[in-house]
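# Overview (structure and organization)
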Amino acid sequence: MRSSRFLTVLTGAGISAESGVPTFRGKDGLWRKFNPQELATMDAFMRNPRLVWEWYEYRRKLIQDVQPNPAHYAIKDLEDGFEEFLLVTQNIDGLHQRAGSRKIAELHGNIWRNRCLRCGRISDHKEVYLREIPPKCACGGTLRPDVVWFGEALPQEILSQALQAAQSCNLLLSVGASALVQPAASLPLLALRNGAFVVEINPEPTPISERVNESIRGKAGDVLPRLVKRQ
Ligand code: BJW
Ligand code: ZN
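Now for a quick tour of the structure. For every chain, the first residue of the written sequence is number 1, and numbering continues from 1 along that sequence. Both sets of labels track the order of writing: A upward for chains, 1 upward for ligands. In keeping with the model being predicted, local features are shown solely for residues with a pLDDT of at least 70 and side-chain atom pairs are shown and tallied solely at 80 or more, while totals for entire chains, interfaces and linings include all residues. As a convention, hydrogens and water are excluded, and side-chain values are obtained from all of the structure's heavy atoms.

### Observations concerning the sheet that holds strand β3 (residues 104–106)
What counts here: A pair of strands counts as paired when DSSP detects no fewer than two bridges linking them. Numbering of helices and strands starts at the N terminus; helices are DSSP runs of H or I of at least 4 residues and strands are runs of E of at least 2. Whenever a helix is involved, its axis is fitted only over the stretch in contact; in every case the axis is a line through C-alpha atoms, and angles between N-to-C directions fall within 0 to 180 degrees. We call two residues in contact when some of their heavy atoms are within 4.5 Å.
Pairing is parallel across the open sheet formed by six strands, whose spatial order is β3-β2-β1-β7-β8-β9. Looking at strand neighbours, the two that pair on one side only are β3 and β9 (214–216), the edges of this open sheet. The average undirected angle you get between the axes of adjacent strands in this sheet is 15°. By the bridge criterion, three bridges tie strand β8 (residues 197–201) to β9 in an arrangement that is parallel. Its bridge partner lying in β9, I201 is registered against I216. Along the sheet, helix α10 (residues 220–230) makes contact with β7 (171–175), β8 and β9, crossing β8 at roughly 140°.

Here's what the structure looks like:
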């Protein structure tokens with residue numbers, strides 16, 4: 001860390017687990033109770049927009065009551081310690097922003113924004129009054145959460161920023177990510193191919209554990225603050 005000029009941090013649902021936000025996979029994961037095909041695809045939304053909206057409302061309520069944890073704050077503290085830095089997150093919960101991080105690329109969108117299916121307008125969730133579900137835009141179009149579902153393209157600008165950061169960094173930390181969902185899962189491997197030192201922080205092994213330079217088996221909230229203190 002001391003000799004790196006450019007740090008890229010990739011985070012997944014595991015970093016918010018210690019805040020009390022459920023992960024997707026694993027024993028307490030959301031996908032144990034809910035089927036991704038019925039909730040996190042455009043087909044699912046078209047079939048049953050009410051069900052999908054209610055699921056996101058349930059998760060918004062969960063997220064609004066939790067706080068960033070020591071891992072989010074540790075990453076915030078790293079932001080200014082490098083000549084170049086980018087936090088690439090798959091999370092939609094906004095906890096990194098609430099911890100003070102600024103240089104963020106949100107690959108899968110943000111649950112606190114909505115997007116109109118007709119005019120494309122992005123709006124703050126605070127503007128929505130749930131008089132009807134699904135809610136409508138001023139133009140009359142249906143609103144959806146501004147997140148990326150399976151089979152949908154990631155926001156192009158943000159993805160290219162993330163690819164660029166993975167390609168150019170000297171050090172990449174992959175924290176709390178299962179390394180199963182593409183294209184995010186390829187970022188640590190892209191960094192490795194370009195000569196970066198790659199460290200994974202996760203209590204469980206993942207498909208990339210054997211390939212990275214260091215795989216630290218531990219919770220993000222334990223490991224990251226210690227790494228930052230020793231930097
Ligand atoms: C801890 C911890 C602690 C626990 N500390 N760690 C190539 C091959 C095969 C399939 C594909 C492929 N390319 C694309 C696909 C299809 C698909 C995909 O990857 N499928 C795989 C599942 C097989 N990808 C897509 O569809 C993507 N789109 C795409 O590629 O488009 C192409 C295209 C181009 C042009 C036009 C059109 C299309 C989009 C993916 C979108 C993912 N969306 C979701 C939902 C977001 C909204 C919402 O939240 O509702 O994103 S799915 C869900 O998974 C969410 C997450 O961001 C994402 C990743 O999950 P994550 O973060 O890794 O969490 P978990 O739960 O999996 O893991 C948690 C980890 O934390 C675990 O490892 C724990 O051990 C660990 N942990 N406690 C540290 N305390
Ligand atoms: Zn509209």
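### A closer look at the environment of Q161
Mapping Q161 onto the fold places it in helix α8 (residues 156–168). A C-alpha to C-alpha distance of 9.8 Å links Q161 and L107, two positions 54 residues apart in sequence. Those residues in contact with Q161 that sit more than four places away from it in its chain are L86 and A105.

### Thoughts on the coordination of the zinc ion (ligand 2)
Short version of the rule: With water excluded from the atoms, a metal site may look incomplete; its donors are any N, O or S atoms within 2.8 Å, or within 3.2 Å for Na, K and Ca. Only four donors with every angle between 85 and 135 degrees are called tetrahedral; only four or six donors with opposite donors over 155 degrees apart and all others between 65 and 115 are called square planar or octahedral, in that order; all others are irregular. Partly exposed describes any residue whose relative accessible area lies between the buried limit of under 20% and the exposed limit of over 50%, with all areas from a 1.4 Å probe on protein chains only and scaled to the type maximum.
Within the first shell, the zinc ion (ligand 2) binds the protein through C116 (SG), C119 (SG), C137 (SG) and C139 (SG), at distances of 2.3 to 2.4 Å. Its four donor atoms give the zinc ion (ligand 2) angles of 101 to 116° at the centre, a pattern that matches the tetrahedral case. Expressed as a motif, the donor residue spacing for the zinc ion (ligand 2) is C-x2-C-x17-C-x1-C. For C116, a relative accessible area of 3% puts it in the buried group.

### A short note on helix α6 (residues 70–78)
Heads up, the condition is: Note that the arc is computed from the directions linking the helix axis to the C-beta atoms. Throughout this description, a polar contact denotes any pair of N or O atoms lying within 3.5 Å of each other; where both atoms belong to protein, one of them has to be capable of donating a hydrogen while the other can accept it, and for residues adjacent in sequence the pair is counted only when both atoms sit in side chains.
Among the residues making up α6, those that are buried are A71, H72, A74, I75 and L78. Relative to the axis of α6, the buried residues are bounded by an arc of 160° and lie together on one face. The secondary structure elements touched by the buried residues of α6 are β1 (6–11), α1 (14–17), β2 (84–89), α7 (95–98), β7 and α10. A side-chain oxygen of the first residue of α6 lies 2.7 Å from the backbone nitrogen of A71; this N-cap is N69.

### Brief notes about the pattern of salt bridges
In plain terms, the rule: Basic side-chain nitrogens of Lys or Arg form a salt bridge, by our definition, when they fall within 4 Å of a carboxyl oxygen of Asp or Glu.
For the structure shown, the criterion picks out 10 salt bridges. Measuring nitrogen to oxygen at the nearest pair gives 3.2 Å for the salt bridge that ties R50 to E54. One end of the pair, R50, and the other, E54, are both in helix α5 (residues 49–64), four residues apart, so they sit about a helical turn from each other. We classify R50 as partly exposed; its relative accessible area is 43%.

### Regarding the packing of aromatic side chains
How two aromatic rings sit relative to each other is set out by the distance from centre to centre and by the angle between their planes. Applicable threshold: In this analysis, rings of Phe, Tyr and Trp, with Trp reduced to its six-membered ring, are considered paired at centre separations within 6.5 Å, and the interplanar angle assigns stacked below 30 degrees, edge-to-face beyond 60, and tilted for intermediate values. To sit over a ring, a charge needs its Lys NZ or Arg CZ within 6 Å of the ring centre and within 35 degrees of the ring normal.
Scanning all chains against the criterion turns up seven aromatic pairs. Ring centres of F24 and W31 lie 5.2 Å apart, and the angle between their planes is 45°; this geometry places the pair in the tilted category. Classification of F24 as partly exposed rests on a relative accessible area of 26%. Ring geometry for F45 against W149: centres 5.5 Å apart, planes inclined by 40°, an arrangement best described as tilted. Placement of F45 in helix α4 (residues 42–47) and of W149 in the loop between β6 (143–147) and α8 is noted, with a sequence separation of 104 residues between them. Residue classification places F45 among the buried residues on the basis of a relative accessible area of 1%. Since its relative accessible area comes to 2%, W149 is described here as buried. Through successive ring pairs, a cluster of aromatic residues spans F24, W31, F34, F45, W55, Y56, Y58 and W149. Looking at R59, its charged tip hangs above the ring of W55, at a distance of 4.3 Å from the centre. Positioned over the ring face of W149 is R144, at 3.8 Å from the centre of the ring.

### Thoughts on the sheet that holds β6
In space, the three strands of this open sheet follow the order β5-β4-β6, with antiparallel pairing throughout. For this open sheet the edge positions go to β5 (122–124) and β6, each flanked by a neighbour on one side alone. Each neighbouring strand pair of the sheet contributes to a mean axis angle of 45°, computed without reference to strand direction. For strand β4 (residues 109–116) and β6, the ladder comprises four bridges, and the chain directions are antiparallel. Following the sheet pairing, N114 is matched in β6 by P145. Docked against the sheet, α5 engages β4 and β6, running at close to 145° with respect to β4.

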